[in-house]
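# Observations on the three-dimensional arrangement
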Amino acid sequence: MPTSLRRLALVPEPYPGESLLSWVDALARLNRISRLHALRFSAFARPGSSTYRPSIRFVAHLPPETMARVEVTTGLSARELRRITLMHYADGVLPAAPSSTHRRTIAMWLHRQQLAQPLRSRACPACLRENGGRWLLRWRLIWSFACVRHRVFLLSACRGCGLGLHQVIPALGGAVLCGQTDWRRPGFVCQRSIWRMRPPRLSDPHLLECQRRLDDLIDHPHRPGSTDILRTLHLALEDITSGFDFVPSLPDTDAVLHRRWRGHGGVLSYLDDPLLTAALIKIATLGGLGRTQSAFAQVDMASWSIDGVPRAAKSVPPVNRFGGTCRAVACLVWVPPGQGVVAQTKDGPLVLCSKHVDRATTPTAAAPCPAASARPSRHGTP
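Report on the accompanying structure. Every chain's residues receive numbers from 1 upward, in the order its sequence appears when written. Confidence filtering applies because this is a predicted model: local features only for residues at pLDDT of at least 70, side-chain atom pairs given and counted only at 80 or more, and all residues used for totals across whole chains, interfaces and linings. Side-chain figures throughout are based on the complete set of non-hydrogen atoms in the structure, without hydrogens or water.

A few words on helix α9 (residues 255–262). Relative accessibility thresholds used throughout: buried, under 20% of the residue-type maximum; exposed, over 50%; partly exposed, between the two (1.4 Å probe, protein chains only). Under the DSSP-based scheme used, a helix requires at least four consecutive residues in state H or I and a strand at least two consecutive residues in state E, with every element numbered from the N terminus. For α9, the set of buried residues is Val256, Leu257 and Trp261. End-on view of α9: buried residues confined to an arc of 135°, all on one side of the axis. More than 90 degrees from the buried face of α9, the exposed residues found are Arg259 and Arg262. In this structure, the buried side of α9 is in contact with β2 (152–153), α7 (205–219), α8 (226–242) and α10 (274–284). Comment: arc refers to directions from the helix axis out to C-beta atoms. By definition, residues are in contact when any of their heavy atoms lie within 4.5 Å.

Even without glycine at this site, Arg32 takes up a positive phi of about 55°. Structurally, the position occupied by Arg32 is in the loop between α1 (20–31) and α2 (35–41).

A cavity here means a set of points on a 1 Å grid, drawn over the protein atoms and nothing else, where a 1.4 Å probe fits but cannot get out; a pocket is an open set with protein on both sides within 12 Å along at least five of seven lines, and a residue lines either one if it has an atom within 4 Å of a point. Grid points are joined across faces, edges and corners, and a volume is the space filled by probe spheres set on the points. The volume enclosed by the second largest pocket comes to roughly 590 Å³. Along its surface, the second largest pocket is lined by 27 residues, and Pro16, Gly17, Glu18, Leu136 and Asp219 are the ones closest to its centre. By residue class, the composition of the lining of the second largest pocket is 14 nonpolar, four polar and nine charged. Amino acids are sorted into nonpolar (Ala, Val, Leu, Ile, Met, Phe, Trp, Tyr, Cys and Pro), charged (Asp, Glu, Lys and Arg) and polar (every other residue, Gly among them).

Now for helix α3 (residues 64–74). Burial in α3 covers these residues: Thr66, Met67, Arg69, Val70, Thr73 and Thr74. Projected onto a plane normal to the axis of α3, the buried residues spread over an arc of 160° and lie on a single side. Considering only its buried residues, α3 is in contact with α1, α2 and α4 (78–83). Gly75 sits one or two residues past α3 and shows a positive phi near 85°.

This part covers the packing of α8 against α10. Relative orientation of the contacting elements α8 and α10 amounts to 105°, with a least axis distance of 10 Å. The pairing of α8 with α10 is recorded here as roughly perpendicular in orientation. Contacts between α8 and α10 involve Leu233, Ala236, Leu237, Ile240 and Thr241 from the first element and Leu280, Ile281, Ile283 and Ala284 from the second. Split by residue class, the contact of α8 with α10 holds eight nonpolar, one polar and no charged. Note on geometry: axes are C-alpha line fits, over the in-contact stretch for helices, and angles between N-to-C directions span 0 to 180 degrees. Angles below 35 degrees are treated as roughly parallel, those above 145 as roughly antiparallel, those between 65 and 115 as roughly perpendicular, and all remaining angles as oblique.

Only Phe, Tyr and Trp rings take part, Trp by its six-membered ring, and two of them pair if their centres are within 6.5 Å. Stacked means planes under 30 degrees apart, edge-to-face means over 60, and tilted covers everything else. Tallied over the entire structure, the rule returns two aromatic pairs. For the pair Phe44 and Phe58, a centre-to-centre distance of 5.3 Å together with 70° between the ring planes defines the contact as edge-to-face. With Phe44 in the loop between α2 and α3 and Phe58 in the loop between α2 and α3, this residue pair connects regions lying 14 residues apart in the sequence. Like Phe44, the residue Phe58 is buried in the burial classification. Aromatic pair Trp135 and Trp139: ring centres 6.1 Å apart, planes at 80°, arrangement edge-to-face. Trp139 carries the same exposure label as Trp135, and that label is buried.

Here is the structure:
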């Protein structure tokens, strides 16, 4: 390690669940310097480098050589640094990462999954006010659509300029002010306070319970069963987005979700839209999260257990956890959660309605119908 690297005198402790970019901002505030200077002084840039601009996917992954330098300047170990990047969720909440750790490979891996947003972050302004501007890493996952503590939907864009929140570039952004620039208005810098933005209220108890359980899965990303639950839920969301003409309408919920649902115009891009994510999850969990023993009313069956702790996927037979379109030939019936059956095939689990339960006995018979196969799908569905 080059001797030119020196330990910084003032280094903040990472806030529980904090993202890498948020920690860099905290370092900058503590030392009263800019974000760019904080990145340089903490050796995210190579010693002697005249210019440095972080990758736009800075929060996703740090190369080993970078972590080694930052450990010298800040005292944070490689394990601590990994915990504040999206790689912390790899092989858990996120699928296993590729063997190559080149930043372009990692960027392509994240793009294919469509499960995390390294370029921007969702946020709860009330949380930011309470914790002093520390942005949570899980806000960059699609599974975070609301704040259970403050009962609000998360924001994904500035209420002033409409651009994404907490981006790496431009460096004028930070934990308090938006700081985004507009190429159509030379010299313009958005000075809207993120802390003062007002997100939509969340009063739907069903969605609050869904977010509580998702938070629990995210906080324990490598617990047995968590990966299978989130994978199944993601398949259900993708099924809805690719064939929304055949799924049930949005059930009774908060008015803001009904307005968002009516205005989607056939474009169900929920990666950077917490309201749309919430609407899709509401449909996918249509059967509810009740404590009854009825198979038709109990969505939890072997998936979201009553106590909120997921059960290992291998200990129970596959069930229709979150609903889906029947994949029998020429059948487009929507199968609500807890109904129908799930057939295991070489292409993954396929949902079948009650009329086609017999086809679940032979995996080869449960082939997707042509209409379902023709639907557009996102790349890299886990």
